[in-house]
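These are the residues of each chain, in order.
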Amino acid sequence: MNALSAFTVWAQKNRWIWAAIGVLLLWLVLSVVTNRFSLSSLSGIVLSASFLTVVGIGQMFVVTTGRSNIDLSVASVITLSAFVALLTIKGQDANLAIGVTAAVLLGLAVGLLNSLLVVGLGIPAIIATLATGYVLATATLLSNKAIPGFAVSPALKDLATGRISGVPIMAIIAILGVAAASFVLRYTVFGQLLSAVGQNRAAARLAAISNGRVIAAAFIISSVLASLDGLLLGAYIGGAFLEMGQPYLLQSIAAVVLGGTLIFGGSATALGTLWASILLILIVTTMQIIGLPPGAQDIVQGIVVIFVLALAGRQALARRTTAEPADGATPKTQAKAAASLPE
């Protein structure tokens, strides 16, 4: 086997590499063309990508459950969470614990609602989460009227914008989140069950796996991470505004799929989500350098998302019968995970 063949085989098992290569190539092109890019500017791009990575990890868990499940409520959760933070924290560090608790409870409530609609009532995820998003949008409008000001907790501001030895704290948080998600997918029972459910729900059910609980857990994780992301994003920009979470809707889906997670479920890569988030932010940065108007930028991003989803759909169909488990899980470990469940 020659080097190219060996790399192809390795890349099939480590699909995150393509997003990483995309980041490297686009970065080199921008550096040569503009003469403006440096480690400092890369640090700023990674900072912006960190917010996308956090919500992307949650979206990844939902996509891994299969049947083209996606969470369309994340944008509304991010926006509402930023408003809730302003209302509860009121710019005081003393109220920070209350604000974080409120964000977590908001995420749990939305996740449970989505789970009820998808698992309990059998409504397709794309419809259920879209409806939830509309409900949350109304709640955001009411919160907007009640906002007395835009004071942000100094401690939360430092967390969202601060740096340690030049490295953004948010980037460290995102990397830790990716490491934790990778560990869950690869080494925990839940990760093996998630992969099994995403690959074949009928087989998982026969293996005594509770599909509904696994799917519900994925939606709850997605909503909680989106809510915490909104809390931090609001601190980063110094307030909250309507539709502030909207850019993260399509981008979170694109980051997951572009990073190597199969759109039909059963195989995920948290590391790929991180690299793809950086790549998407680089694409947006490139369009801004070129001077494309916001409307044109939205069109380009839409085309990128369509292209990625179409390509991922074809790949997933080709691999559907031989899809790899999430982050290196094997059928043997899935069987062990299923056997560990109570009857």
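In this text, all values refer to a predicted model and were calculated from it rather than measured experimentally.

Trainee: I tried to follow the nonpolar core on my own but got confused; where do I start?
Mentor: Burial of nonpolar side chains together is a common tendency in soluble globular proteins. Judged by nonpolar contacts, the single largest core of 82 residues is most densely connected at Met-60, Phe-61 and Leu-282. Considering each element in turn, this core owes the most residues, twelve residues, to helix α3 (residues 39-64).

Trainee: Which parts of the structure should I look at to understand the confidence of the model for the chain?
Mentor: On average, residues of the chain carry a pLDDT of 84, and 87% of them reach 70 or more. Within the chain, no element has a lower average pLDDT than helix α15 (residues 331-339), which sits at 47, and none a higher one than helix α8 (residues 169-187), at 95. In this model residues 334-343 is a low-confidence stretch, pLDDT under 50, and it forms 15 contacts with partners more than four residues away in sequence or in other chains.

Trainee: Mind showing me how you'd approach helix α11 (residues 211-237) here?
Mentor: Owing to its 3.6 residues per turn, the α-helix brings residues three or four apart onto one side. Compared with the 39 Å implied by 1.5 Å per residue over 27 residues, the 39 Å span of α11 between its first and last C-alpha is a close match. Of the residues trailing α11, Gly-238 is marked for its positive phi of about 85°.

Trainee: What is the right way to read the side chain of Asp-71 from this model?
Mentor: Note on placement: Asp-71 falls in the loop between α3 and α4 (74-89). For Asp-71, which is buried and forms no salt bridge, the nearest opposite charge comes from Arg-201, at a distance of 13 Å. If sequence neighbours within four positions are ignored, Asp-71 has contacts with Gln-59, Val-62, Asn-114, Thr-129, Phe-219, Ser-222, Ser-223 and Leu-249.

Trainee: Would you take a moment to explain empty space enclosed by the protein for this structure?
Mentor: Any space left empty among the atoms is revealed by the rolling of a water-sized probe across them. Summed over the entire model, instances satisfying the criterion amount to one cavity of 30 Å³ or more. Estimated volume of the largest cavity: approximately 90 Å³. Taken together, 14 residues make up the lining of the largest cavity; nearest its centre are Ala-85, Leu-86, Val-152, Leu-156 and Ala-235. At the level of elements, α4 and α11 are the ones that each hand at least two residues to the lining of the largest cavity. When grouped by side-chain class, the residues that make up the lining of the largest cavity number nine nonpolar, five polar and no charged.

Trainee: Even after reading the chapter, I still don't get a nonpolar patch on the surface, so can you show me in this structure?
Mentor: Taken together, the side chains of Ile-164, Val-167, Ile-172 and Leu-176 present a nonpolar region at the surface, about 330 Å² in accessible area. Inspection of the secondary structure puts Val-167 in strand β2 (residues 167-168). A residue is classified by how much of its surface remains accessible, and Val-167, at 38% relative accessible area, is partly exposed.

Definitions and cut-offs
- Residues numbered from 1 in each chain as written.
- Predicted model: local features only at pLDDT ≥ 70, side-chain atom pairs only at ≥ 80, totals over all residues.
- Heavy atoms only, no water.
- Core = buried A, V, L, I, M, F, W, Y, C linked by side-chain atoms within 4.5 Å.
- Buried < 20%, exposed > 50% of the residue type's maximum accessible area, 1.4 Å probe, protein only.
- Helix = DSSP H or I, 4+ residues; strand = E, 2+ residues; numbered from the N terminus.
- pLDDT = per-residue confidence, 0-100.
- Contact = heavy atoms within 4.5 Å.
- Expected span 1.5 Å × (residues − 1).
- Lys, Arg positive; Asp, Glu negative; His and termini not counted.
- Salt bridge = Lys/Arg side-chain N within 4 Å of Asp/Glu carboxyl O.
- 1 Å grid on protein atoms, 1.4 Å probe; cavity = no way out; pocket = protein on both sides within 12 Å on 5 of 7 lines; lining within 4 Å.
- Points joined across faces, edges and corners; volume = space filled by probe spheres on them.
- Nonpolar A, V, L, I, M, F, W, Y, C, P; charged D, E, K, R; others polar.
- Patch = residues over 30% accessible without salt bridge, like charges linked within 9 Å, V, L, I, M, F, W, Y side chains within 5 Å.
- Areas by Shrake-Rupley, 256 points an atom, 1.4 Å probe, with all protein chains shown as cover.

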